[in-house]
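So the chains spell out like this:
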Amino acid sequence: MTDSDSDDREQGIDFGDLEDELESHDYPVAKDDLVEEYGDRELDLPEGSTTFGEILDGYEPTDGDFESADDVRSAVMNMVGDDAVGPEDYSDRGAGTDENESGAV
């Protein structure tokens with residue numbers, strides 16, 4: 001893949017402009033404050049999209065607040081579930097080696 005073909009997806013989630021805004025946000029911050037400010041922002045998934053607020057709806061940070069943008073991204077990745085993974089049971093690994101073309105183990 002060349003640089004021109006790459007996108008901003010991280011583990012199947014494209015945060016779009018929200019990525020930069022989360023990076024520049026002041027931390028620590030409560031989940032409710034983030035949802036109030038960014039809740040309607042769309043996050044693109046391989047099979048569609050959802051909003052930042054929908055993803056964080058049932059999430060409660062361990063210590064009550066998010067301490068960094070990394071904490072927010074981790075929470076999103078934990079909450080988005082299988083929607084960001086792509087086709088179920090898919091692997092982009094090769095089918096086999098020269099010695100074992102069938103892929104059997």
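Conventions we followed
Residues numbered from 1 in each chain as written. Predicted model: local features only at pLDDT ≥ 70, side-chain atom pairs only at ≥ 80, totals over all residues. Heavy atoms only, no water. Helix = DSSP H or I, 4+ residues; strand = E, 2+ residues; numbered from the N terminus. Buried < 20%, exposed > 50% of the residue type's maximum accessible area, 1.4 Å probe, protein only. Contact = heavy atoms within 4.5 Å. Arc of directions from axis to C-beta.

Under an unreviewed UniProt entry, the name given to the chain is DUF2795 domain-containing protein, and the organism recorded is Halogranum salarium B-1.

(A) Local environment of the overall build of the chain. Per the secondary structure count, the chain includes four helices and six strands. Tracing the chain from N to C terminus, the helices and strands come up as β-β-α-β-α-β-β-α-β-α. Within the span of the chain, comprising 105 residues, buried residues form 30% of the whole. Sequence-distant contacts, at least 24 apart, represent 58% of the contacts inside the chain between residues at least 6 apart.

(B) Molecular detail of helix α2 (residues 31–38). Turning to α2, its buried residues number three or more, namely K31, L34 and Y38. Taken end-on, α2 shows its buried residues confined to a sector of 65°, consistent with a single buried face. Relative to its buried face, α2 has exposed residues pointing more than 90 degrees away, namely D32 and E36. Residues of α2 that are buried sit in contact with α1 (18–24), β3 (29–30), α3 (52–56), β6 (65–66) and α4 (69–80).

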